[in-house]
Amino acid sequence: MNEFPSPEPSLLESSPRIACAGSVSSSYRVLQGLLRHKANVVGVLGLHPDVSAKVSGYCRMDNLAQDAGVPYADFRRINEPPIVDLVRHWQPDLLFVVGLSQLVGAELLSIPRLGCVGFHPTWLPEGRGRAPIAWLTYHVQPGAATFFLMDEGADSGPILVQEPFAVSSRDYATDVLEKAEAAIERALDRWLPRLLAGEWQPEPQNDDAATYYALRGPTDGLIQWSQSALSIENLIRASSHPHPGAYTYLGGQKLIIWRANRESELPICGVTGRVVWMDAAKGWLVQTGEGLLWLTDVELNGEKLSPSVPSPLRIGVKLGMMVEDEIQSLQQRVEQLEKQLALLSQGQASEKSGKQDN
């Protein structure tokens with residue numbers, strides 16, 4: 001067992017000074033855990049609401065910090081000089097940075113005496129990188145609440161604690177997130193008592209075993225109905241809350257699909273992308289490139305649709321954009337506009353000629 005590496009032995013007699021920064025529900029759970037274990041939390045940083053619009057699962061921590069009597073400050077950019085100066089003023093031994101997509105700069109990383117603690121919901125070194133909850137959900141891979149020392153790499157620093165959680169083929173992104181957050185509590189309950197007692201044993205990662213998740217964005221939720229029902233169901237599960245949702249188009253309008261189930265028994269065969277059946281309890285049945293898929297929770301123009309209420313989503317409609325038809329329609333409209341412009345030009349030329357004759 002290693003003790004805190006400090007030139008001042010007196011610091012070993014008290015809990016390390018801890019600051020915390022974050023912007024989502026997992027950040028909140030970490031702060032709750034620190035306070036529950038009576039850690040010496042000296043400051044909390046939260047993402048300002050003005051820059052939270054694109055943050056899935058945004059969560060404020062100001063009330064939690066203030067109720068505990070801990071100094072709190074909002075930030076827009078974590079590396080802004082005033083924020084860096086504030087953290088320096090707090091003199092933390094550890095800075096927890098959890099649930100924040102902004103990269104922590106070298107200056108801020110260098111302030112805490114022991115380092116910055118990051119969080120990632122995968123079995124690091126596997127699954128480093130972006131959108132881990134979505135990727136775990138899509139691939140049905142087990143996760144782990146992993147706390148690690150941050151460096152200038154992507155989730156590559158030494159590991160402090162890992163707590164596993166399972167992912168099933170029926171889980172949606174919100175289910176996986178809830179499992180990850182429950183694992184956060186278990187991880188902190190195992191690790192914090194040892195940390196606060198002076199134990200410090202970061203374990204280096206095996207870089208040779210590292211795998212990476214790449215960036216996902218809202219447009220990656222576009223459904224290709226030519227894919228299999230299994231692939232589309234996985235996409236819907238991974239893109240669901242707190243993410244923007246998987247989507248298709250219905251008559252040129254965006255149709256968001258939050259939940260779906262595969263059908264394996266009905267002897268129906270239809271055109272790919274077309275609604276072939278409706279059921280008041282099950283939803284809308286769509287033919288995919290391989291298999292049938294029930295759409296059970298859908299939203300059009302911000303309103304949830306119900307198969308028991310008449311709507312544009314009905315048997316026979318075809319979902320998605322018919323690209324060749326759309327191109328043909330645009331071509332016809334362009335031709336009509338060109339004819340109108342030609343007639344307008346001819347009229348202007350005739351009018352100009354008449355004025356000159358006068």
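Anything mentioned here points back to the structure above.
Values in this document were obtained by computation on a predicted structure and should not be read as measured data.

Undergrad: Just give me the short version of the pattern of salt bridges, but keep the residues and values in it.
TA: For the structure shown, the criterion picks out 16 salt bridges. Taking the shortest distance from any N to any O, the salt bridge between Asp50 and Arg76 comes out at 2.8 Å. In this pair, Asp50 is assigned in the loop between β2 (40-47) and α2 (62-67) and Arg76 in the loop between β3 (72-75) and α3 (81-90), connecting sequence segments 26 residues apart. Arg76 gets classed as partly exposed once you look at its relative accessible area, which sits at 38%. Ionic pairing is found between Arg88 and Asp85, a salt bridge with its closest N-O pair at 3.1 Å. Of this pair, Arg88 and Asp85 both sit in helix α3, separated by 3 residues, roughly a single helical turn.

Undergrad: Hey, could you go over the state of the cysteines for me, with residue numbers and the actual values?
TA: For the structure on display, the rule yields 0 disulfides. With no disulfide of its own, Cys116 lies 11 Å from the sulfur of Cys20, the closest cysteine sulfur.

Undergrad: How would you summarise the environment of Glu107 if you had to cite specific residues and measurements?
TA: Inspection of the secondary structure puts Glu107 in helix α4 (residues 106-109). A sequence separation of 207 residues divides Glu107 from Arg314, and the C-alpha atoms of the two residues are 58 Å apart. Not counting residues up to four positions away in its chain, the partners in contact with Glu107 are Val84 and Arg88.

Undergrad: I'd like a rundown of the pairing of strand β12 (residues 275-279), residues and numbers included.
TA: As paired strands, β12 and strand β13 (residues 283-287) are joined by 4 bridges and run antiparallel to one another. In the strand pairing of β13, Val275 is matched with Val286.

Undergrad: Give me the lowdown on the packing of helix α5 (residues 132-139) against helix α6 (residues 173-196), citing residues and values where you can.
TA: α6 packs onto α5 with a crossing angle of 115 degrees between their chain directions and a minimal axis gap of 9 Å. The pairing of α5 with α6 is recorded here as roughly perpendicular in orientation. Seen along the crossing, α5 lies across α6 with a hand that is right-handed. Contacts between α5 and α6 pair Ile133, Leu136 and Thr137 from the former with Ala173, Val176, Leu177 and Ala180 from the latter.

Undergrad: Which residues make up the sheet that holds strand β8 (residues 159-165), and what are the values?
TA: Within a beta sheet, neighbouring strands are joined by backbone hydrogen bonds and run either parallel or antiparallel to one another. Taken together, 7 strands build an open sheet; the order of strands is β3-β2-β1-β4-β5-β7-β8 and the sheet is mixed. A strand with exactly one partner marks an edge of an open sheet, and here the two such strands are β3 and β8. Adjacent strand axes in the sheet meet at a mean angle of 20 degrees when their direction is disregarded. Here strand β5 (residues 115-120) pairs with strand β7 (residues 143-149) via 4 bridges, running antiparallel. By the bridge assignment, Phe119 is partnered in β7 with Phe147.

Undergrad: Now, about the packing of aromatic side chains: what can you tell me, with residues and values included?
TA: Enumeration according to the criterion identifies 7 aromatic pairs in this entry. Plain terms: the ring middles of Phe119 and Phe147 are 5.2 Å apart, the flat faces sit at 50 degrees to each other, and that makes the pair tilted. Taken together, the positions of Phe119 in strand β5 and Phe147 in strand β7 put the pair 28 residues apart, joining distant regions of the chain. In this structure Phe147 comes out as buried when scored by relative accessible area, which is 0%. For the pair Tyr247 and Tyr249, a centre-to-centre distance of 6.0 Å together with 90 degrees between the ring planes defines the contact as edge-to-face. Accessibility expressed as a relative area gives 24% for Tyr249, which makes it partly exposed. An aromatic cluster is built from Phe96, Phe119, Phe147 and Trp191, whose rings are joined through pairwise contacts. Directly above the ring of Trp135 sits Arg216, whose terminal nitrogen or CZ lies 4.7 Å from the centroid. Above the face of the Tyr172 ring, Arg259 is positioned so that its terminal group lies 3.9 Å from the ring centre.

Thresholds, definitions, all that
Residues numbered from 1 in each chain as written. Predicted model: local features only at pLDDT ≥ 70, side-chain atom pairs only at ≥ 80, totals over all residues. Heavy atoms only, no water. Salt bridge = Lys/Arg side-chain N within 4 Å of Asp/Glu carboxyl O. Helix = DSSP H or I, 4+ residues; strand = E, 2+ residues; numbered from the N terminus. Buried < 20%, exposed > 50% of the residue type's maximum accessible area, 1.4 Å probe, protein only. Disulfide = S-S within 2.5 Å. Contact = heavy atoms within 4.5 Å. Pairing = 2+ DSSP bridges. Axes fitted to C-alpha atoms, helices over the stretch in contact; angles between N-to-C directions. Parallel < 35°, antiparallel > 145°, perpendicular 65-115°, else oblique. Left-handed = near helix turned anticlockwise from the far one by under 90°. Phe/Tyr/Trp six-rings, centres within 6.5 Å; stacked < 30°, edge-to-face > 60°. Lys NZ or Arg CZ within 6 Å of the ring centre and 35° of its normal.

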